[in-house]
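# Structural features, examined
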Amino acid sequence: MKTNKYIMYWLLTGCVLIFIMVVVGGITRLTHSGLSISDYKLITGTLPPMNQQEWQEAFELYKQYPEYQKLNYHFELEDFKSIYFWEWLHRVIGRLIGVVFIIPFLFFLIRKKLDGPTIKKCLVLLFLGGFQGFLGWYMVKSGLVDRPDVSHYRLAAHLTTAFLTFAYSLWVALDLQYPEKKEINMGIRNLMRVTLAVLVLQIIWGAFVAGLDAGFIHNFWPMMSEGKLMHPTVYIEQQPLIKNFFEGKSGVQFVHRYLAYIVVGFIVWIWYRTKNMNLTSLQSKGVKSLLVLVLVQFLLGVLTLIYAVPLWLGVAHQICAFFLLAAMTFTLHRFTK
């Protein structure tokens with residue numbers, strides 16, 4: 001049990017680092033800093049430029065790509081330094097997560113502190129972490145070709161994988177903390193599974209909104225424009241029509257808005273279904289935290305939209321999404337075991 005405690009602390013440390021990485025990633029996106037480092041050096045790239053010559057070389061490299069040539073051609077070296085910092089920090093945290101996972105994993109493995117099922121789960125986490133790093137490189141690569149922005153599909157894959165890696169790390173830690181089996185209500189468990197799936201869809205469309213800068217239009221609520229439910233441009237931005245809801249700014253914002261109502265509806269339904277049940281203390285706290293967090297997240301989403309995505313609100317909205325996924329994972333776990 002004592003060994004399990006240390007393994008659990010290790011996994012939870014990984015969760016905290018992934019949380020920090022997602023927050024810094026959100027700031028990187030909102031400050032348009034993600035394309036400031038156009039090459040990938042796993043070891044030497046850990047250190048930023050250390051003198052004026054190295055800074056100038058990094059800046060000259062940045063000038064060779066579309067973001068500088070089409071958008072930031074007015075940048076001086078000091079402007080470049082301000083965006084370089086966030087992308088550098090984001091990548092350093094990614095490297096740190098790799099070290100924090102791999103070294104303790106090998107230690108526990110060599111010391112035979114991990115049982116068979118936990119080893120398999122840790123290998124899944126190792127794959128997810130490596131895949132996440134690959135997706136980060138793949139995402140940045142899409143903004144270095146002919147347009148000064150990354151693919152919103154690749155951004156969504158990168159962000160969603162980070163969220164899922166966090167959720168799975170938390171799940172494995174919870175397996176160690178609460179190994180006991182309990183009778184559960186299958187209907188509530190399945191309802192929570194559906195809710196989790198819808199929440200992941202909402203996170204994906206939130207990434208689409210971020211990737212397309214779709215939060216800077218239709219800055220009204222509850223309508224998408226004054227007196228109108230759906231802005232007409234959603235029907236004419238792209239052909240065929242269905243692509244509007246994946247690639248059109250109006251369309252992805254529309255989906256993100258109404259998925260939010262669905263997520264709120266599902267969680268309120270969970271709360272209503274369980275309020276008269278004989279729940280354990282942890283189950284009750286989990287359901288209540290879901291209700292509070294989804295309402296706070298909905299409010300943050302509305303404010304972020306109305307005020308056209310100021311940095312602090314955009315980051316707060318993403319942080320709350322992270323907490324909501326954590327609460328959903330914890331609550332589902334308590335209704336599964």
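See the structure shown above.
The following refers to the structure shown. (Residues numbered from 1 in each chain as written. Predicted model: local features only at pLDDT ≥ 70, side-chain atom pairs only at ≥ 80, totals over all residues. Heavy atoms only, no water.)

The step from W221 to P222 runs through a cis peptide bond, and the omega angle for that step is 10°. Considering the arrangement of structural elements, one finds P222 in the loop between α7 (186-211) and α8 (244-247). Unlike most non-glycine residues, K112 shows phi in positive territory, near 60°. For K112, the location among the structural elements is in the loop between α4 (77-110) and α5 (116-142). (Helix = DSSP H or I, 4+ residues; strand = E, 2+ residues; numbered from the N terminus.)

With that settled, consider the pattern of salt bridges. A side chain with one charge may pair with a side chain of the opposite charge, provided their charged atoms come close. Throughout the structure, instances matching the rule amount to seven salt bridges. Note that R29 is salt-bridged to D149, the shortest N-O span being 3.0 Å. With a gap of 120 residues between them, R29 in helix α1 (residues 2-30) and D149 in the loop between α5 and α6 (152-177) connect regions that are remote in the sequence. Comparing R29 with D149, the two get one shared label, buried. A salt bridge links K121 to D175, with the shortest nitrogen-to-oxygen separation between them at 2.8 Å. In this pair, K121 is assigned in helix α5 and D175 in helix α6, connecting sequence segments 54 residues apart. (Salt bridge = Lys/Arg side-chain N within 4 Å of Asp/Glu carboxyl O. Buried < 20%, exposed > 50% of the residue type's maximum accessible area, 1.4 Å probe, protein only.)

The term disulfide refers to a covalent linkage connecting the sulfur atoms of a pair of cysteines. With the rule as written, the count across this model stands at zero disulfides. Of the cysteine sulfurs around C15, a residue in no disulfide, the closest is that of C122, at 12 Å. Of the cysteine sulfurs around C320, a residue in no disulfide, the closest is that of C15, at 17 Å. Overall, the relative accessible area of 6% leaves C320 in the buried class. (Disulfide = S-S within 2.5 Å.)

Two numbers describe a pair of aromatic rings. These are the distance of the centres and the angle of the planes. Across all of its chains, the model carries 30 aromatic pairs by this definition. Residues Y153 and F208 carry aromatic rings whose centres are separated by 5.5 Å and whose planes lie at 85° to one another, so their mutual orientation is edge-to-face. Taken together, the positions of Y153 in helix α6 and F208 in helix α7 put the pair 55 residues apart, joining distant regions of the chain. You can call Y153 partly exposed: its relative accessible area is 35%. Residue classification places F208 among the buried residues on the basis of a relative accessible area of 5%. A centroid spacing of 6.1 Å and a plane angle of 55° characterise the contact between F245 and F254, whose relative ring orientation is tilted. Of the aromatic side chains, those joined through ring pairs into one cluster are W55, F59, Y62, Y68, F80 and Y84. Positioned above the aromatic ring of Y6 is the side chain of K5, whose terminal nitrogen or guanidinium carbon lies 5.4 Å from the ring centre. (Phe/Tyr/Trp six-rings, centres within 6.5 Å; stacked < 30°, edge-to-face > 60°. Lys NZ or Arg CZ within 6 Å of the ring centre and 35° of its normal.)

The values reported here are purely geometric and, on their own, carry no functional implication.
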